[in-house]
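The chain contents come next:
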Amino acid sequence: MISPIIIVVLLCELLLMSFAIYLIFSFINKTPFYPSSLRQLDKLKAEGLIDFSKYSKFIDIGSGDGRIVRWANRKGFEYADGIEYNPYLSLYSKFRSVLNPNVKIHNKNFKNHDFSNYDFAYLYIFPEHMDAVKDKLFTQMKPGSIIITNTFKFSDIEPNQKFEKLHIYYVS
């Protein structure tokens, strides 16, 4: 019989190896995890700069641990999806969202996703990825849809509004 101590040591080693693989994956793909603040979105909603009731289909691009997707679900969006390229974060996010039936996490590259069903997009991704998703969002999302970027903005389009670190764009 295997000693419980050996099992614990093996599990710890497996966990450390998984974390190392996650770090290497994040570094190679330039997709580090830096969580968004719910406070900014709550404040944006509370100040009424955007009428959130006009929107029902939410997507978080680079959803990380899924906190923003779950936030959108709690705020009344009909459904809230997240796209996360990192398989470790996707798995963690799916686990954290298991009790939210209207939350769906996609483990994929946003370049392979259709955004035509969404009317509200949130992004917190590195600048080198911003312009790659910009064209898809502005061509696939319907007029009147909203796109909010955190910290970074699109290189050749000025935001319609700015709130703290959030850049707000309307699709026309």
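The residue count restarts for each chain, going from 1 along the sequence in the order it is written. Since the coordinates come from a predicted model, pLDDT governs what is reported: local features require at least 70, and pairs of side-chain atoms require 80 or more to be given and counted, while whole-chain, interface and lining totals use all residues. With hydrogens and water set aside, each side-chain value is computed from the structure's full complement of heavy atoms.

(A) Examining the nonpolar core more closely. Residues belong to one nonpolar core when they are buried, are Ala, Val, Leu, Ile, Met, Phe, Trp, Tyr or Cys, and are joined through side-chain atoms within 4.5 Å. Exposed residues in this analysis have more than 50% of their type's maximum accessible area, buried residues have under 20%, and partly exposed residues fall in between, with area computed by a 1.4 Å probe over protein chains only. Core analysis: the biggest nonpolar cluster contains 22 residues, and Leu44, Ile50, Phe58, Phe120, Tyr122 and Ile148 have the highest contact counts within it. Considering every element that reaches this core, the biggest residue donor is helix α3 (residues 67-74), with four residues. Membership of the second largest hydrophobic core comes to 17 residues, among which are Phe110, Ile125, Val133 and Ile147. Per the convention used, a helix needs a DSSP run of H or I reaching at least four residues, while a strand needs a run of E reaching at least two, with both numbered from the N terminus.

(B) Region of interest: the pattern of salt bridges. What counts as a salt bridge is simple: a side-chain nitrogen of Lys or Arg found within 4 Å of a carboxyl oxygen of Asp or Glu. Summed over the entire model, instances satisfying the criterion amount to seven salt bridges. Residue Asp42 pairs with Lys75 through a salt bridge whose shortest N-O separation is 3.4 Å. In this pair, Asp42 is assigned in helix α2 (residues 38-46) and Lys75 in the loop between α3 and β2 (79-84), connecting sequence segments 33 residues apart. For Lys75, a relative accessible area of 36% puts it in the partly exposed group. A salt bridge links Glu164 to Lys43; the nearest nitrogen and oxygen atoms lie 2.8 Å apart. Of this pair, Glu164 sits in the loop between β6 (161-163) and β7 (166-170) while Lys43 sits in helix α2, placing them 121 residues apart in sequence. Residues joined by salt bridges that share partners form a network here, namely Arg39, Lys43 and Glu164.

(C) Local environment of helix α5 (residues 127-140). Multiply 1.5 Å by the residue count of a helix minus one, and that product is the helix's expected span. With 14 residues, α5 should reach 20 Å at 1.5 Å per residue; the first-to-last C-alpha distance of 20 Å fits that figure. Maximal helix bending in α5 amounts to about 35 degrees, located at Val133. Here α5 has its buried residues at Met130, Val133, Lys134, Lys136 and Leu137. Residues of α5 that are buried sit in contact with β1 (57-61), β4 (120-123) and β5 (146-150). The term bend refers to the angle at a residue between two fitted axes, each drawn through seven residues, those ending there and those starting there. Whether two residues are in contact is decided by their heavy atoms, any of which lying within 4.5 Å being enough.

(D) Examining α2 more closely. All buried positions along α2 are accounted for by Gln40, Leu41 and Leu44. Down the axis of α2, the buried set is contained in an arc of 95 degrees. They therefore lie on one face. If you follow the buried residues of α2, they end up packed against α3, β4, β5, β6 and β7. Any N or O atom pair separated by 3.5 Å or less is treated as a polar contact, with the protein-specific requirement of one donor-capable and one acceptor-capable atom, and with residues adjacent in sequence counted only for side-chain atom pairs. Taking the backbone nitrogen of Arg39 as reference, a side-chain oxygen 3.1 Å away marks Ser37 as the first, capping residue of α2. Two residues or fewer past α2, Gly48 is found with a positive phi of approximately 70 degrees. What the arc covers is the set of directions going from the helix axis to the C-beta atoms.

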